[in-house]
Amino acid sequence: MATAQAVRYGRHGGPEVLELTEIPLPEPGPGQVRVAVRAAGVNPIDWKMRQGLRGAPPDGPQGTGMELAGTVDALGEGVTGLRLGDPVYGQVAPGALATHAIADADALAYKPDDLTYEEAAALPVAVETARRALRDLALQEGETLLIHAVAGGVGLAAAQLALARGATVIGTASGRHHEFLRGLGVRPVEYGDGLERRLPESVDRVLDASGRGELDLSVKLTGDPARVITIADRAGAERLGVRFSTGDGAAAAARALRESPHVRLPVAEVFPLEQATQAHRRSEQGHFLGKLVVNTEASLPR
């Protein structure tokens, strides 16, 4: 029987609950394709689900990882527009940390030739989230956007999209990332107490990608909770009347990738598939520039 390798967990807990296991090679259903995964992104939602902070307890082995880049390995019934061997990237149901994963055909976009598989795998979740947040904020040309945690994947994607719209972008980030951010056109400021005094100008809208208690100040700066959105602080959003933004789905991520071909994210660190535990642990620690990626190339059959 043909098999694949996949990182799974059967109970909530720390990174140590992740196991690299051998599974039957998954088969695509109607409208789906199987992707030979070359690289998969790691996002905070992955370890929050693993810890039990999001979603129901697993009722069996649960995959992890929601974005991937690779090549089309098998086609399900009714799939058109994709061929075997096509290089693709996109968002999938949890299970991207594997040698092979199933994706809806409409959830995949063609990988640009100038992106490596690792670079491509860093993009789907961040680009979709950033586009959705800016849409819901109704950011306008000439406005000033403050992004909390601008050096993360979503923050960097949102900054690039906002700058392309003609907005001014201010972002909170650790000092070691400021030079890189200035190179993008972002005006960086340090985290922490006294942030309001350090801001170079007034703020029209705020995207909170941090979730570390910045919402009270954000509402104060804008004067209106409708001008603030968070992807990381559900409790604070409910308390203050701020919108908490959740995903529009995998097909929306594919559209976002096609419509935002200029967005690029630095890959902070790369882990082999057998070190998925370390990748999750590093993601929980935070404070890195860009995205973490798991490379599955060495695990694929030759």
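Report follows, based on the coordinates.

Rules used in this analysis
- Residues numbered from 1 in each chain as written.
- Predicted model: local features only at pLDDT ≥ 70, side-chain atom pairs only at ≥ 80, totals over all residues.
- Heavy atoms only, no water.
- Helix = DSSP H or I, 4+ residues; strand = E, 2+ residues; numbered from the N terminus.
- Rg over C-alpha atoms; globule rule 2.2 N^0.38 Å.
- Areas by Shrake-Rupley, 256 points an atom, 1.4 Å probe, with all protein chains shown as cover.
- Lys, Arg positive; Asp, Glu negative; His and termini not counted.
- Charge placed at Lys NZ, Arg CZ, Asp CG, Glu CD.
- Pairing = 2+ DSSP bridges.
- Contact = heavy atoms within 4.5 Å.
- Axes fitted to C-alpha atoms, helices over the stretch in contact; angles between N-to-C directions.
- Parallel < 35°, antiparallel > 145°, perpendicular 65-115°, else oblique.
- Nonpolar A, V, L, I, M, F, W, Y, C, P; charged D, E, K, R; others polar.

## Some details on the overall build of the protein
Alright, step 1. When helices and strands are tallied, the protein shows 10 helices and 16 strands.
Alright, step 2. The C-alpha radius of gyration computed for the protein amounts to 19 Å, which stays within 12% of the reference 19 Å derived for 302 residues, consistent with globular compactness.
Alright, step 3. Accessible surface for the protein amounts to roughly 13,000 Å². Of this, 47% is attributable to carbon and sulfur atoms.
Alright, step 4. Within the protein, the 38 negative side-chain charges are centred at a point lying 3 Å from the centre of the 32 positive side-chain charges.

## Considering the sheet that holds strand S13 (residues 228–230)
Across a sheet, paired strands are connected by hydrogen bonds in the backbone, their directions being either parallel or antiparallel.
Alright, step 1. The strand order across the open sheet built from 6 strands is S11-S10-S9-S12-S13-S14, with neighbouring strands paired in parallel fashion. In this open sheet, the two strands that pair with only one neighbour each are strand S11 (187–189) and strand S14 (243–244).
Alright, step 2. Relative to S11, strand S10 (residues 168–172) runs parallel, the two being bridged by 3 bridges. Bridging from a neighbouring strand, Ile-170 pairs with Arg-187 of S11.
Alright, step 3. Across the sheet, helix H4 (residues 153–164) is in contact with strand S9 (144–148), S10 and strand S12 (205–208); its angle to S9 comes to roughly 170°.
Alright, step 4. Sitting on the sheet, helix H7 (residues 215–222) touches S9, S12 and S13, and the angle it makes with S13 is about 160°.

## Considering the packing of helix H1 (residues 44–51) against helix H10 (residues 276–285)
Alright, step 1. At their nearest, the axes of H1 and H10 sit 9 Å apart, and the two run at 105° to each other. It follows from the interaxial angle that H1 and H10 lie roughly perpendicular. Contacts between H1 and H10 involve Pro-44, Asp-46, Trp-47, Arg-50 and Gln-51 from the former and His-280, Ser-283 and Glu-284 from the latter.
Alright, step 2. For the contact of H1 with H10, a count of residues per class yields 2 nonpolar, 3 polar and 3 charged.

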